[in-house]
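Chain residues, written in single-letter form:
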Amino acid sequence: MSGHMNLTLKVWRQKNSTTPGKFVTYKADEISPDMSFLEMLDVVNEDLVKKKEDPIHFDHDCREGICGMCSLVINGEPHGPKRATTTCQLHMRSFSDKDTIVIEPWRATAFPVVKDLVTNRSSFDRIQQAGGYVSVGTGGVPDANEIPISKVIADEAMSSATCIGCGACVAACKNASAMLFVSAKISQFALLPQGQPERYARAEAMVLQMDEEGFGGCTNTYACEAQCPKEIKVTNIARMNREFFNAELIKS
Amino acid sequence: MKLDAKIPEGPLAEKWNKHKFDLKLVNPANKRKYDVIVVGTGLAGASAAASLAELGYNVKAFCFQDSPRRAHSIAAQGGINAAKNYPNDGDSVYRLFYDTIKGGDYRSREGNVYRLAEVSVNIIDQCVAQGVPFAREYGGLLDNRSFGGAQVSRTFYAKGQTGQQLLLGAYSALNRQIELGKVKMYTRSEMLDVVVVDGKAQGIITRNLITGQVDTHSGHAVLLCTGGYGNVFYLSTNAMGSNVTAAWRAHKKGAYFANPCYTQIHPTCIPVTGDHQSKLTLMSESLRNDGRVWVPKTLELSQKLQKGELKAKDIKEADRDYYLERKYPSFGNLVPRDVASRNAKQVCDEGRGVGKSGLAVYLDFADSIGRLGQPAVAAKYGNLFDMYQQITDENPYEVPMRIYPAVHYTMGGLWVDYNLMTSLPGLYCLGEANFSDHGANRLGASALMQGLADGYFVIPYTVGDYLANIGPAPIDASRPEFAKAKAEVEEKIKTLLSLNGTRTVDEYHRDLGHIMWEYCGMSRTAEGLQKAKGLIADLRNSFWKDVIVVGENEEVNQSLEKAGRVADFIELGELMVDDALNRSESCGGHFREESQTPEGEALRKDDEFAYVAAWEFKGINMPEALHKEELIFENVKLTQRSYK
Ligand SMILES: Cc1cc2nc3c(=O)[nH]c(=O)nc-3n(C[C@H](O)[C@H](O)[C@H](O)COP(=O)(O)OP(=O)(O)OC[C@H]3O[C@@H](n4cnc5c(N)ncnc54)[C@H](O)[C@@H]3O)c2cc1C
Ligand code: SF4
Ligand code: FES
């Protein structure tokens, strides 16, 4: 059919976390520009399975850019060439016939490869567990409208809260820093009145957990912001640093 | 077994309060002696796990994704209903109850739906206290929007990401309990069976999706919060991993499955572009406020559009059929979801569809853009228009959108009583996985409400009653039932891996989807359903002989994971068809061609079918047994819906 593309893929294959991986080359023929990137991989995998070969493993679920499960470094860019777009929402019309596409997993010490393109991002969960919440139990809370919040603040908190926890910021950063992700959560609660009582304890606990997980420091290159599919702003990092600094100040 | 829904006696508005008082409590000092298993950590599961852990129970929670934050609930866009009446526009608990019962086409329980409406207000308070950033007015108070099926504004939202923000709220409450050591979270773990000892659910069997290890877990009660089964149709708006396995395996162990054929088909989704399509994307139904739905009047013009010889703008006004406006002058493009979907299918079946495949209708904004101006339309729908362009590469400001109905939600699920307990004692079911509150058709913005109502505000009371009754003695995991269930799961995995056939799991899944969509979708006939029965049985036989599952158990093996899920979908498909055959009335989203009014509208048969159809598994290749739970309406009057 017209407009269909024939592509060469160089894909990172790795059996498990302890076996070394390598690039393997595959042909992806007759690819329609209307396919999403993951649908293109589905087609390749269907062929592999027919040949009784192990399909390329990758994480994905919603395929709507919201669950944060998909990943992939595509030609050196986390989530591929299109800005503000997750891999699952990237369409093949962003590529051309005869292109060679290099596909790798997130690369960071704190995100070990599980298999092929699948990584372990449980470090992100542990950072959230360290303090990413308001300590209220179920029931016994005030009426929702007893906590007025200015629209500007609510909108700003919402912008930080849209982080999908994908980890592209870490993959984009030469230091594998998780600051953009962590600061988005700290900011959401630092902005809202509900977050005030635990404001500093939270910032401290989350930052310490982040360091413990082996993420790198921030040297202000802003690669994270450029690659973040949800356009989380680096101003969140400045806010987090302030929160952490104040937390230390209060303690001393 | 006789089905007892255990709806409390007394006036509607007092049932839940009275019931809460009648339920037994567990002594606070004893709570830590009980283990509760929660399978699934979407809205229903995360809220339940966190709330039960807060009370002091030991919770073990499971999900198949790499983090609880990725459950399918994350994808909900539009909003969540609550009877707060903040806009002072006449809302009340009773009105929310009434709208939901009517929206469900009178196929749900009054008692359950009233309770849902009652606790809806607590949900909003809870979420705000957690720091969920709902949309606000300039004065700092919460904003509401309108949604289908209601004349009041009662939907709370967080941009187009309400599900995400609610789930992150529940996830944060769950995280707090994980940190406190009260919840043990197992991610990338798939439940593959329930363990039944002495007629009670006392544990589950799971497979670790990284190592392949099969494990047993014991608990005093098991809660399934495992979401809907829309993916039985292959293509749906659900996430790729959404599946029926947990509910289905529980069904085979004794939990009845209720109303399996009740599926919601959403009218405004982006149409299929080709065989490679893996899922469908929903476009918010709010678009029908300003878009006009049409197809050409003649086959000839449609064919030219399909071949690309003409463009939408070439079709003259006089040659367009705005069929919803024509047939339903008083509701026009705003008829409910089921009516809009069925009519789109009908014009496409006539051959008058548009787009390459002919399986689409136009949703045209030209008039609105002319009337309001492009900036006003962009302000309302900008993000949706962008998403549409991203996927289709067409600019909806210039050419009409193409839309087609898609499977979106499943109202059917495991049968539960008022306490959310299934017919298997000790096994509970919450959220989309149960059948409880939406009848034959779910109103928008009510699934998020139900998931959180079940998890935060119902189960903490009702499970306590069961636990108090059985007592805190530890569950004995050395009972042979545990080892037996584990061995069966391992055997099934081995069989799948040994088949070494010629067709892929996806090929079977796609075939099943085609059969379900064609014969058990929006419009059904006895003849078609009979045919589907045969086709699915053949598919099942072929699957177990000829499917390819590559790799081994002791590794990450997505091929094996999918195979197990599709095997269950095939069996579920057979039951859905049986249920659809049995229900020879048109109701909710389901049009039975044999049951229509002289004008061709859906005809419900209340004297024959005002019941919940709960199916009991009797063994492979055996027909399931039907149990009927009569629906009793003491407060609302059953009327035929009309949108003319
Ligand atoms: C695109 C879209 C938009 C929607 N928009 C709205 C809306 O605006 N308003 C509204 O009210 N509703 C909406 N809905 C419906 C609503 O989102 C869902 O019905 C609801 O979120 C389901 O929540 P849940 O907790 O029951 O299940 P889910 O969120 O699906 O969670 C299921 C959980 O179970 C786990 N699980 C499943 N099987 C297993 C197993 N075998 N072993 C271990 N774990 C398992 C999963 O890992 C997951 O954690 C929408 C649905 C879709 C598809
Ligand atoms: S900050 Fe952006 S890139 Fe990082 S996890 Fe969140 S959404 Fe992903
Ligand atoms: S698959 Fe969910 S964000 Fe990509």
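Model, not experiment: these values are computed from the prediction. (Residues numbered from 1 in each chain as written. Chains lettered and ligands numbered in written order. Predicted model: local features only at pLDDT ≥ 70, side-chain atom pairs only at ≥ 80, totals over all residues. Heavy atoms only, no water.)

## Brief notes about the overall build of chain A
Heads up, the condition is: Helical segments are the DSSP runs of H or I of at least four residues, strand segments are the runs of E of at least two, and each set is numbered from the N terminus. Burial classes: relative accessible area under 20% of the type maximum marks a residue as buried, over 50% as exposed, and values in between as partly exposed (1.4 Å probe, protein chains only). Contacts are assigned to residue pairs that have any heavy atoms within 4.5 Å of one another. Surface accessibility follows the Shrake-Rupley procedure with a 1.4 Å probe radius. Residue values consider only the protein chains on display as shielding. Only four residue types enter the tally: Lys and Arg on the positive side, Asp and Glu on the negative side; His and the chain ends are excluded. Charge positions come from single atoms, namely NZ of Lys, CZ of Arg, CG of Asp or CD of Glu.
The number of helices and strands found in chain A is eight helices and seven strands. Its C-alpha atoms put chain A at 60 × 40 × 35 Å along the principal axes. Here chain A, with 252 residues, has 58% of them falling under the buried criterion. In chain A, of all internal contacts separated by at least 6 residues, the share reaching a separation of at least 24 is 69%. A total accessible area of about 9900 Å² is found for chain A, and carbon and sulfur atoms account for 53% of it. One way to put it: in chain A the 27 positive side-chain charges average out to a point 4 Å from where the 31 negative ones average out.

## Examining the site of ligand 1
All names here are of chain B. To keep things clear, this is the line we draw: A single heavy atom is enough: if one lies within 4 Å of a molecule or strand, its residue is considered near that molecule or strand. Pairing of N or O atoms within 3.5 Å defines a polar contact, subject to two protein rules: one partner must be a possible hydrogen donor and the other a possible acceptor, and residues neighboring in sequence count only if both atoms are side-chain atoms. Side-chain classes are defined by residue name, with Ala, Val, Leu, Ile, Met, Phe, Trp, Tyr, Cys and Pro counting as nonpolar, Asp, Glu, Lys and Arg as charged, and the others, Gly among them, as polar.
Every one of the 38 residues lining ligand 1 counts as a neighbour, but Q65, S73, M191, E432 and L448 are closest to it. Separating an oxygen atom of ligand 1 from a side-chain N or O atom of Q65 is a distance of 2.5 Å. Take C225: an N or O atom from its main chain is 3.3 Å from an oxygen atom of ligand 1. Contact with the protein chains removes 97% of the 1000 Å² of surface that ligand 1 exposes when unbound. If you list the elements that add at least two residues to the shell around ligand 1, you get α2 (43-55), β6 (189-197), β15 (401-410) and α12 (447-470). At three residues, the largest contribution of residues to the shell around ligand 1 is made by β6. Split by residue class, the shell around ligand 1 holds 17 nonpolar, 18 polar and three charged.

## Let's talk about the sheet that holds strand β3 (residues 73-74) of chain A
Residues and elements named next belong to chain A. Which entries qualify depends on this criterion: For two strands to be treated as a pair, DSSP must find at least two bridges joining them. To define axes, lines are fitted to C-alpha atoms, for helices over the stretch in contact only, and angles between the resulting N-to-C directions are given on a 0 to 180 degree scale.
The strand order β2-β1-β5-β3-β4 describes an open sheet built from five strands, whose pairing is mixed. At either end of the open sheet lies a strand with only one pairing partner, and these are β2 (22-31) and β4 (77-78). In this sheet, β4 lies alongside β3 in antiparallel orientation, the contact comprising two bridges. Bridging from a neighbouring strand, I74 pairs with E77 of β4. Packing against the sheet, helix α1 (residues 37-50) makes contact with β1 (5-13), β2, β3 and β5 (100-104), and its axis sits at approximately 100° to β2.

## Here's the deal with the domain arrangement of chain B
Residue and element names in this part refer to chain B. Formally: Domain start and stop positions are those given by an automatic or database domain assignment. The buried area of a pairing is the accessible area, by a 1.4 Å probe, that goes missing from both parts when the two are put together, added over both. Each salt bridge in this description consists of a side-chain nitrogen of Lys or Arg and a carboxyl oxygen of Asp or Glu lying within 4 Å of one another.
When the domains of chain B are assigned, the result is domain 1 (268-406) and domain 2 (481-609). Computed from C-alpha coordinates alone, the two centres of domain 1 and domain 2 are separated by 30 Å. Summed over both sides, the interface between domain 1 and domain 2 buries roughly 780 Å², with carbon and sulfur atoms accounting for 61% of that surface. Where domain 1 touches domain 2, the interface holds zero salt bridges. Between the two partners, domain 1 and domain 2, sit one residue pair in polar contact (both at pLDDT 80 or more). At the level of secondary structure, the elements contributing two or more residues to the side of domain 1 that touches domain 2 comprise α9 (337-349) and β15.

## With respect to the site of ligand 2
All names here are of chain A. Close to ligand 2 lie 13 residues; C163, C166, G167, C169 and C228 are nearest. Contributions of two or more residues to the shell around ligand 2 are made by α4 (168-172) and α5 (179-191). Within the shell around ligand 2, the residues separate by chemical class into 11 nonpolar, two polar and no charged.

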